[in-house]
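Chain and residue survey
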Amino acid sequence: MDQQATDVQTPSYSFPPVSVPSSLSLKSSELLKSHAVALDKHDPIAHLIAQFEIPASIIYLDGNSLGPLPINAKKAAVDVVEKQWGQDLITSWNKHAWIDLPTTVGDKIAPLIGAEKGQVICCDSISVNLFKLLASALQLNTPERNIVLSQQDNFPTDLYMVEGLQQIVGSDKCRLLTCDADELESVLQENGHEISVLMLTHVNFRSGEIHDMQKLTKLAHEHGVLVIWDLAHSAGAVPVELDNCEVDFAVGCGYKYLNGGPGAPAFIYAAKRHIPKLTQPLTGWMGHANPFTFDPGYAPDVGIKKFLSGTPSVIAMAVLSAALDLFEQVSMSQIREKSVAMTHFYQRLIEQSQTLSELVMASPATSENRGSQLAYRHPQAYALCQALISHGVIADFRAPDILRFGFSPSFLSFEQLFDSVEKLKVIIESEQYKLPEFNRKQAVT
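Thresholds applied
- Residue positions within a chain follow its written sequence, with the count starting from 1.
- Given that the model is predicted, a residue must reach a pLDDT of at least 70 before its local features are reported, and side-chain atom pairs must reach 80 or more before they are shown or counted; all residues, however, enter totals for whole chains, interfaces and linings.
- Side-chain figures throughout are based on the complete set of non-hydrogen atoms in the structure, without hydrogens or water.
- What makes a patch is a set of residues exposed beyond 30% relative accessible area and free of salt bridges, joined within 9 Å when like-charged and within 5 Å when nonpolar (Val, Leu, Ile, Met, Phe, Trp, Tyr).
- Working definition of accessibility: Shrake-Rupley area with a 1.4 Å probe, residue cover restricted to the visible protein chains.
- Any Lys or Arg side-chain nitrogen found within 4 Å of a carboxyl oxygen on Asp or Glu counts as a salt bridge.
- Here the positive residues are Lys and Arg and the negative ones are Asp and Glu; neither His nor the chain ends is included.
- Charge coordinates come from a single atom per side chain, which is NZ of Lys, CZ of Arg, CG of Asp or CD of Glu.
- The way it works is that DSSP assigns letters per residue, a run of H or I at least four long becomes a helix, a run of E at least two long becomes a strand, and they are numbered from the N terminus.
- Centre distance within 6.5 Å is the pairing criterion for rings of Phe, Tyr and Trp, where only the six-membered ring of Trp is used; planes under 30 degrees apart are then read as stacked, over 60 as edge-to-face, and the remainder as tilted.
- Each residue is assigned to one of three classes by its accessible area relative to the maximum for its type, calculated with a 1.4 Å probe on protein chains only: buried under 20%, partly exposed between the two thresholds, exposed over 50%.
- Here, a charge over a ring means that NZ of Lys or CZ of Arg falls within 6 Å of the ring centre while also lying within 35 degrees of the ring normal.

A contiguous patch of negative charge on the surface is contributed by Asp-153, Asp-180, Asp-182, Glu-183 and Glu-209. Summarising the element assignment, Asp-180 is placed in the loop between strand 8 (175-179) and helix 7 (184-191).

Okay, here's the thing in C-alpha cells:
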C-alpha cells in the first residue's frame, strides 16, 4: 500500500511543488507521470523546446557535453555556406561583417555571464585561451609570485595548460600547485604571498559542485592573487556575475549550454581595468591594432581584440551567433529556476526508487550548491550509460565510475525526465547493462 506522498519543495522557482511519494508503486508512478505533465504545463519557457531539432525518440541528458542543434543555427549554417560563402565569396568579410564576428558574438555572450560589452571576445578553444590568460596574468603580478593554484580535480586540460606554460618559461616563473576544494581558502591564506593566479572551474565537471565565485575572488584579491574562472559548465546554465564579483579573467566554451555545435569557438573575458596593461603571447595578425596595414612589427589592439590571434572560424562562429539569439527570449533567472526544479525532481525520483539504490549521489545534495547536472557513482556506470543510450536516453560517463545527467532547461521537459528514470529502472531490473555490447569501451566515452 502506498505511503502518503511527501511534498519536497525547492525555494523560489515558478513551478508547483515537486511531489514524490516515499514509496513508488504502480499507482504512485502514474501520479508522478501526471505530476511531471503538470509541471510542464506550468513551465514559462516551454516554448523554447520547439526551437531545437532533436529526434522525437531521444531524451537528451547530455547538453552539458554538447548542446543539440537549434533550428535557427541550422538555418544560419546554410546561409553562411550557400549565400555568404557560396555567392558573395570574399566580399562577405565586409558585406556580412565576418571580420566583426569575434566581437559581436562576444557581446552576445557578455550579458549571460554578467559582463559589460567590450570585455568578451569569441575565439579559439578554452585550452588556447587559458594559455593566453595565464601568460598575461603572470606578467601582471610581481616576479616572486610564480604559483598557479588550482583544484586537484579541475578539468584536466586546465591543469595541462599550466604544465605546458611551465615547460616553456621554467618553474621559477610558473609553477602549478593543486589542492582539494575544501583546502583552497587555507592554501590562499597560508601561501598567498607566493601565489600569482587562482585558476578554478566554477562548476565542477564531474560532481557539478559550484564554487562561491564572489567569496573566493575576494579572498584571492586580499592576498594579491589574480583569478581566472573557467565557465565551461556555467555559461548559459547558471547565472554568473563576473563584473559584480570583480573577477579578473574568465574563459568558457560555446558548444555546451550555448548550443553552438561541436568544436564551437570559445570565449575570453578580461576585466576592462586590466585590458590596457595586458600582453598576450600569441600575437597573431588579428590581434594587431591595424591588421590590414600588414606592418612587419606587432602593435596590439588597445581593447579586447588583442586576444585574437589567427583568422576567425567564420562558419562555426556564425552558427554560434545564431544559437545565442535564443537567449534573447529568456532570462538567466528563468533558466536557473527550471534547472533547479529539474535536478530536484530527478534527484527525488532516484532517491525514492529501491531499484536505483546502488546509485550513489556524487553531486551536492542541495540544488543551490550544484550546477545543471547530477552525477551518480556506480561500479558499472559506463555500461549503464551505454544501455541507456540504446533505450534512447543519452547521458554520459566520466571516469572512473560517474554516470552524469545534464539538464538543459531550454529543450527538456519534466515528462522526459520521468520517462528516462523509468527506462533506467528497467535496465537495472533486467540487468541489461551486463550484456557484452554495453561493456566495450568506445574511443569517446
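In total, this model carries 12 aromatic pairs according to the counting rule given. Their ring planes at 65° and their centres at 6.2 Å tell us that Tyr-376 and Phe-405 sit as a pair that is edge-to-face. Of this pair, Tyr-376 sits in strand 14 (residues 373-377) while Phe-405 sits in strand 17 (residues 402-406), and the two are 29 residues apart along the sequence. Each member of the pair, Tyr-376 as well as Phe-405, is classed as buried. Between the aromatic rings of Tyr-382 and Phe-397, the centroid separation amounts to 5.4 Å while the plane-to-plane angle is 80°, which identifies the pairing as edge-to-face. Within this pair, whereas Tyr-382 is found in helix 11 (residues 381-390), its partner Phe-397 is found in strand 16 (residues 396-398), the two being separated by 15 residues in sequence. A single burial state applies to Tyr-382 and to Phe-397, both of which are buried. Pairwise contacts between aromatic rings join Tyr-346, Tyr-376, Phe-405 and Phe-407 into one cluster. One Lys or Arg, Lys-441, reaches over the ring of Tyr-382 and ends 5.0 Å from the middle of that ring.

For the structure shown, the criterion picks out 18 salt bridges. As a salt-bridge pair, Glu-222 and Lys-218 come within 2.8 Å of each other at their nearest N and O atoms. Linking Glu-222 with Lys-218, this pair stays in helix 8 (residues 213-222), spanning four residues, or about one helical turn. It is possible to trace a salt-bridge network through shared partners that takes in Lys-33, Glu-415 and Asp-419.

This is a description of form; function is not addressed.
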